[in-house]
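Here's the letter readout for the chains.
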Amino acid sequence: MGKVNEDLIKERAKCSFNVEELTNFLDEGRDKTLERREREKLILTKKEEIFGGPPDYYLSHKEKYETAIRRAVVLFSLIRKLHAKNNTDLTNYKNILSVIFGTSISQDGSPFGLHYIMFMPVFMSQADEDQQKKWLQRALDCSIIGSYAQTELGHGTFIRGLETTATYDPATKEFVLHSPTLTAYKWWPGALGNTANYCIVMAQLYIKGKCYGIHSFIVQVRDEESHVPLPGIKVGEMGAKMGLNIVNNGFLGFEHVRIPRTNMLMKHAKVLEDGTYVKSKNPKLIYGTMVFVRVVIVFNSVHMLAKAVVVATRYSAVRRQTQMKPGEPELQIIDFVTQQDKVFSAVAGCFAMMMNGRRLWETFYIIDEQLHKGNLERLGELHALACCLKAISTSDSAMFTERCRLACGGNGFMHSSNLPLTYALTSASCTYEGDNTVLLLQTARFLLKVWRQMDSVPLTPTVAYLKEASTPGYYDKWDNTVDGIIRGYRTVAMRKISACVETMTNKIMSGMSQEDAWNTTSIELVSAAEAHCRALVISTYHEDMSKACEGMSPPLAEVMQQLVQLYAVYWTLEKLADFLQYTPISSTDVAFLRSWYVELLEKIRPNAVGLVDAFDIIDEFLQSSLGAYDGRVYERLMEEALKSPLNAEPVNQSFHKYLKPFMQGKL
Amino acid sequence: MAEKKVCEDLVKERKKCTFNVEELTQLIDGGEDKTKERREVEDMVINAGGLSTKNEVPEEYLSHKERYENAIRKASILFEVFREYAKAHDTTDAFSPTNKYRVSFGVVKDISPFMLHMGMFVPTLMNQSDPDQVAEWLPKALSMEYIGTYAQTELGHGTFLRGLETTATYDPSTEEFVLNSPTLTSYKWWPGGLAHTANHCVVVAQLYTKGVCHGVHPFLVQIRDLETHMPLQGIKVGEIGPKLGFQTANNGFLGFNHYRIPRRSMLMKNAQVLKDGTYIKSKNDKLTYGTMVFVRVLIVTDLAYELSRAATIAVRYSAVRHQSQPKPNEPEPQILDYVTQQHKLFIGVATSHAYRVTGHWLWNSYSKVIKDVSKGNMDQLPELHALACCLKAVCSRDANARIEEFRLACGGHGYMASSNLPIINGIVTATITYEGEYTVLMLQTARFLVKAWKEATTGKAKTPTVSYLVEFYNNGRVNWENTPSTMVKGFQAIAAGKIRTAYETLERHVKSGMDYEDAWNMSSVQLVNASEAHCRAILTEISWKEMVRLSTIVSPSLAPVLLQLAELYLTYWTLEKRGDHLMYSTITNGDIQKLQTRYEELLSLIRPNAVGLVDAFDIRDEILNSTLGAYDGRVYERLMEEALKSPLNAEPVNQSFHKYLKPLMLKARL
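Residues numbered from 1 in each chain as written. Chains lettered and ligands numbered in written order. Predicted model: local features only at pLDDT ≥ 70, side-chain atom pairs only at ≥ 80, totals over all residues.

For clarity, the cut-off: UniProt positions are given in the numbering used here, feature names are shortened, and annotations may be inferred rather than shown by experiment.
Going by an unreviewed UniProt entry, chain B carries the name Acyl-coenzyme A oxidase and comes from Chrysodeixis includens. In its Cofactor (unreviewed entry) section, UniProt records this for chain B: "FAD". You can read under Pathway (unreviewed entry) in the UniProt record for chain B the words "Lipid metabolism; peroxisomal fatty acid beta-oxidation."

If you check an unreviewed UniProt entry, chain A appears there as Acyl-coenzyme A oxidase from Chrysodeixis includens. Among the UniProt annotations of chain A, the heading Pathway (unreviewed entry) holds the following wording: "Lipid metabolism; peroxisomal fatty acid beta-oxidation."

Structure follows, in structure tokens:
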């Protein structure tokens, strides 16, 4: 590392809290920080193999993939070593994932990502004991590499509409997999293009002419020795994308491909040898995986946003612009209040989502245990919670990341800043694993159901506030505190939900069908679900951070509370219309909140660099010319530019071939 | 497109359309003759040899270097075609900036390496050189013997022009300027075409003569040999590397090591340096504002076009894509029938129209003011400047949001490069930052508004775009009715209210003893809000008035469609900003509920014409470059066809399997 930029040295000297203490909190314990650093050290032993070579963005699409495989193999050999033991427990498994994503090793995803995020969790939760014996160890060892194929070219959100069929043939005790149309081709699975040799395929199960809906099957797609696609399998990659270009997303079509009966994942539903279908005792158990994946996405969006705020904050401390007063040097742009508004709100957003991710994980763990004991009471709640948190965390993360990128001006447009790809990844998560609009509508469905049963059924924890907030006198006089804001959010959510119920009821009474009433009210339903989610996010953040502050040193606790306040005020001002419509807030209160907001920005200002340093993302993982720890922004921008193959020669061949004849009018 | 069958859904949609699509196309183009001319140009370019993209590996699969080489090849052919046409028709009219801009996407999907040549280099030569210089340089620039670019921003300096570090020091002994880059941060950074394409460059540098710095001035500098293209001695030039978008724009860096150029290389229409080194000031510093304002005006209409491209893709795809089964036993509906989808799409279509008509209005204002300026009347210049600043800022940010919404509305497929939405996003999101960064421009407008507010408090309002301040100075609240005219008034009341609040905050800080600039900084979040509100007042008023005016000159079948779009735009923003309306008008929750209902009605009124509306943008498949948006709606076939063009699909097993993957998997088995 070269000399550290003077401005950053000064910023670090200003910090009022112990950065290491915050790092430990972010890692959930001092021992965890040390463990993480050990892991990182291990990865850095292979630094050149994993991070060396020309930057990806200069390569062709094909070269990018080949490089990614070369690097992934080194990296995953290390990960395999790290987790040789205790790897079937879900918490441990989540830790593997956090190594992969938390450390954000690749700028643009990984061709092995889906193997860990989808293939293994689905396999673990849906394969029966024999199947686990046969494949699980091999999958954990990467002796086979899997993908998970659900979406099709013509079908995403609506799972029942999938076209791929698996027809049981009792004569040979096989399933015949088939893609009857072009739109039935599997489309999107990561690693499927050229990497995976196995795949879990979702298909419509047919036995004796009867359709039993979608079920999962493990299918070998490539020969283990030669890697050549097996007969009847049409597999390839789906082409270039906005981001995730090294994820190797693929397509997959079947031409009457036969697989043994025992390749259907049979932990829940079964097909017996004679073709008898045995229903799952509890068809809802498979929801668990889906929720698990969404929990992982919430954490992932926190990691992505953390990278963006580290880059934007450090760059804002180094970049100077505009001489505000004659004779003075140009200001660090972090001193502009408009810049603080863009960057600090994102920092607070990062903490808020992290605390909510942790709570979601705890909730998931409790409910998942209940599920396996046959208690389904809170499944609906968990599903609704994971849906809206996935939607809000990904869309906020994308929004804040984009704001951070724009806050870096033109230099944030450079790939070497790593902000474009970080945005591309967060943005992708807005549509994958449940499109955000669709997910919010699912949460809305749950909320309306809860509302209608409110007087007859006891409310589960995440919706308990609805009853309280709907009692008269709940919030008569606005209170300019975080607690007051939370009550405001709850009131807004309650009022929006009740308005939707009323609108729906009126439409249905006037003769509209239930479905049409739903569709024509859907804009308001999405907005109600968002309001509910925001109420939860802010109250969880506040509650859990307050608890956590009890164990922190006072200087750190103070800063953490400032961020909670900033987050609460920021989102109140963002959603001011709702507050004005549904709460007793007055224009004087609004003026108060606006000055409070600017005061908070001022308070956070001296700790800005310390806050992002605490994320402790090492330069090798951050991979940003603007965000490196030493702040050598301009040197790095130029160094990265000079790596361009176009800069390797003074005159590009195209001059002689095209440009010169053209300039001379001889083309 | 005719040879293949058109998707059934689109056939049905087109039958439903209630207006004449061709009529709307001509309205958008500005007349029947303009439509004809545009199509001629498009035909000529699309059918020119060597430009077709069919049977080629698509750009996005190439390496960074290959992509540049491909772009240079095609851009050269394209300009040759333009040149031939100009000769044949004895006119350059057909190459109005708009036509050129549009058709170039039929040749190179992303920004062309020649963009700054025509966009900045030639206009700067025209506007800032003296007549002798124009006579010498312009023909060479137009014939592209000189390929040029415009170098202003530096690695460490963008917004703050006075902070530029590159120096041009006059040496009277040789009658030369010496250009120098004293630091790394003084390297020019960003100019399009600079890296490996341009041989000339207008360089903005701090002028020193007789030991005195006279601030930044433009110089024409040759940077590469005309024969060999080698960088000249003392010039360090190269490219700045890949970006979120503009992959083929060939943005470059440029450093000078005591590089000498003749005295007459300084562009001398305004300021001059005489042989002996005497500096002669420009008669009017503000004259150079013209180009800057001009570029910002163009950006607004370009954004209207980019919106129409993205809208065409998203709307046609939404008509073809089916999803879910809300009612048992019925087929999956087109996603265009979901109200949440209409909510994402139709505002984008309406915004394209709003920007186009506002852009034209701004263009007319610009032309008028420039005419006045040439007569020595500068009164309107600050207003025009403020207007162009906030319109460029707000329109670019909103357009970016709309285009992202379009892309997300196409689900996963919108993420595919072959949808072309990611490239459009890259082009549009850049406009938020270049040619004046969003926040900076908003604060420039705010300076004007604060002045205007002070004037309004004395009952005066000099300029028309802020005359509303006088009206709302006393009675802040609008008496609400759910009508377009009240909505327009409501936005003016909001603007006035926010300008007042920002102004009062500023004053409060000043009174508490803060420096004006510190007080300005502390109030800046509110000042930005005030500028945004002002801009919304302009956008809603102008777009409403202009669309109403247009509706009176079109056929009775088209008129209501235009009005629906205009009302949708107004209603959408009234609902978005309902919090502000609640503060500055007498609007009630009941009014808001009714507006929401009206908004949903408008969505359903526009629904049957959705495909017709985007067909009327008349963007040919070859220019649209989208698997999802083609006229025939063969979405899935095209997605697969494009995927199969990936070089990774050319062989069943990629070499990396044998090299890396297999050893990894085998090791596990040991």
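Now that the structure has been shown, the text picks up again.
## A short note on the overall build of chain A
Rules: Only runs of H or I of at least four residues qualify as helices and only runs of E of at least two qualify as strands under DSSP, and these elements are numbered from the N terminus. Atoms counted for the radius of gyration: C-alpha only. Globule rule: 2.2 Å times the number of residues to the power 0.38. As a rule, residues whose C-beta atom has 12 or fewer other C-beta atoms within 10 Å are exposed, those with 20 or more are buried, and those in between are partly exposed; C-beta atoms are placed from the backbone. Placing C-beta atoms from the backbone, we regard two residues as in contact once those atoms come within 7 Å.
Looking only at helices and strands, chain A features 24 helices and 13 strands. In terms of overall size, chain A behaves like a compact globule, its C-alpha atoms giving a radius of gyration of 27 Å where 667 residues would be expected to give roughly 26 Å. For chain A, the C-alpha atoms occupy an extent of roughly 90 × 80 × 60 Å along the three principal directions. The buried share among the 667 residues of chain A stands at 55%. Put simply, of all contacts in chain A between residues at least 6 apart along the chain, 75% involve residues at least 24 apart.

## Re helix α6 (residues 115-128) of chain B
Structural remark: α-helix, 3.6 residues per turn; residues separated by three or four positions point the same way. Residue and element names in this part refer to chain B. Test applied: For a helix, the expected span equals 1.5 Å multiplied by the residue count minus one. Bend is computed residue by residue as the angle between axes fitted to the seven residues ending at the residue and the seven residues starting at it.
Over its 14 residues, α6 extends 19 Å from the first C-alpha to the last, a length consistent with the 20 Å expected when each residue adds 1.5 Å. The sharpest bend along α6 comes to roughly 25 degrees, located at F121, with the proline P123 sitting one to four residues further on. The buried count for α6 comes to 11 of 14 residues, which makes it a mostly enclosed element. Buried within α6 we find M115, L116, H117, M118, G119, M120, F121, V122, T124, L125 and Q128.

## Describing the environment of A:L580
Along the chain, the position of A:L580 falls in helix α19 (residues 576-582). Residues A:L580 and A:E515, 65 residues apart in the sequence, show an inter-C-alpha distance of 31 Å. The contacts of A:L580, once residues within four sequence positions are left out, are A:I585, B:G579, B:L582 and B:M583.

## Some thoughts on the sheet that holds strand β4 (residues 186-187) of chain A
Inclusion rule: Here, strands pair whenever DSSP counts at least two bridges between them.
The antiparallel open sheet is built from 3 strands, whose spatial order is β4-β8-β7 (chain A). Where the open sheet ends on each side, the last strands, each with one partner, are β4 and β7 (233-237) of chain A.

## Considering unusual backbone geometry
The backbone of A:H256 shows a phi angle near 45 degrees, a positive value even though the residue is not glycine. Within the secondary structure, A:H256 is located in the loop between β8 (250-254) and β9 (257-260). Positive phi outside glycine occurs at B:S324, with the angle close to 65 degrees.

## Description of the sheet that holds strand β4 (residues 188-189) of chain B
All names here are of chain B. Taken together, the 3 strands give an open sheet; going across it, the order is β4-β8-β7, and neighbouring strands pair in antiparallel fashion. Only two strands of the sheet have a single neighbouring strand rather than two, namely β4 and β7 (235-239). Bridging between β7 and strand β8 (residues 252-256) involves 5 bridges; their strand directions are antiparallel. Counterpart to K236 in the pairing with β8 is G255.

## Regarding the environment of B:E637
Residues and elements named next belong to chain B. Position of E637 among the secondary structure elements: in helix α22 (residues 635-644). Judged by the 17 C-beta atoms lying within 10 Å of it, E637 falls in the partly exposed class. Each C-alpha atom, one on E637 and one on T627, is 8.4 Å from the other, the two residues being 10 residues apart in sequence.

## Considerations on the domain arrangement of chain B
We count it as follows: Marked domain ranges trace back to an automatic or database domain assignment.
In terms of domain boundaries, chain B breaks down into domain 1 (31-109), domain 2 (119-283), domain 3 (289-614) and domain 4 (645-670). For domain 2 of chain B versus domain 4 of chain B, the distance between C-alpha centres works out to 51 Å.

## Some details on the UniProt feature "binding site: FAD" (unreviewed entry) in chain B
Taking the UniProt record as the reference, the feature "binding site: FAD" (unreviewed entry) is found at B:T153 and B:G192. These annotated residues cover 40 residues of sequence, and their C-alpha atoms all fall within 11.4 Å of one another, placing them together at a single site. With respect to the helices and strands, B:T153 occurs in the loop between β1 (148-151) and β2 (167-171). C-beta crowding within 10 Å serves as the criterion here: with 19 such atoms nearby, B:T153 is assigned to the partly exposed category. Each residue touching B:T153, except ones within four places of it in the same chain, is listed here: A:G410, B:G158, B:W189 and B:W190. Mapped onto the fold, B:G192 is located in the loop between β4 and β5 (200-209). Dropping the residues within four chain positions of it, B:G192 is found in contact with B:I111, B:P113, B:M115, B:L116, B:T149, B:A249, B:N250 and B:N251.

## Considering the interface of chain A and chain B
When the parts of a complex come together, some accessible area is lost, and that lost area is often used as the size of the interface. Quick reminder of the rule: All amino acids are sorted into three groups, where Ala, Val, Leu, Ile, Met, Phe, Trp, Tyr, Cys and Pro are nonpolar, Asp, Glu, Lys and Arg are charged, and the leftover types, Gly among them, are polar.
Taken together, the contact between chain A and chain B spans 98 residues of the former and 105 residues of the latter. By residue number, the principal contributor to the side of chain A that touches chain B is helix α5 (residues 61-82) of chain A, which donates 9 residues. Of the residues belonging to the side of chain A that touches chain B, the class tally is 47 nonpolar, 35 polar and 16 charged.

## Points about the UniProt feature "active site" (unreviewed entry) in chain A
Residues and elements named next belong to chain A. Feature annotation in UniProt assigns "active site" (unreviewed entry) to the following positions: E433. Owing to 17 C-beta atoms within 10 Å, E433 belongs among the partly exposed residues under this scheme. Filtering out sequence-adjacent residues up to four positions away, E433 remains in contact with V293, R294, I297 and K390.

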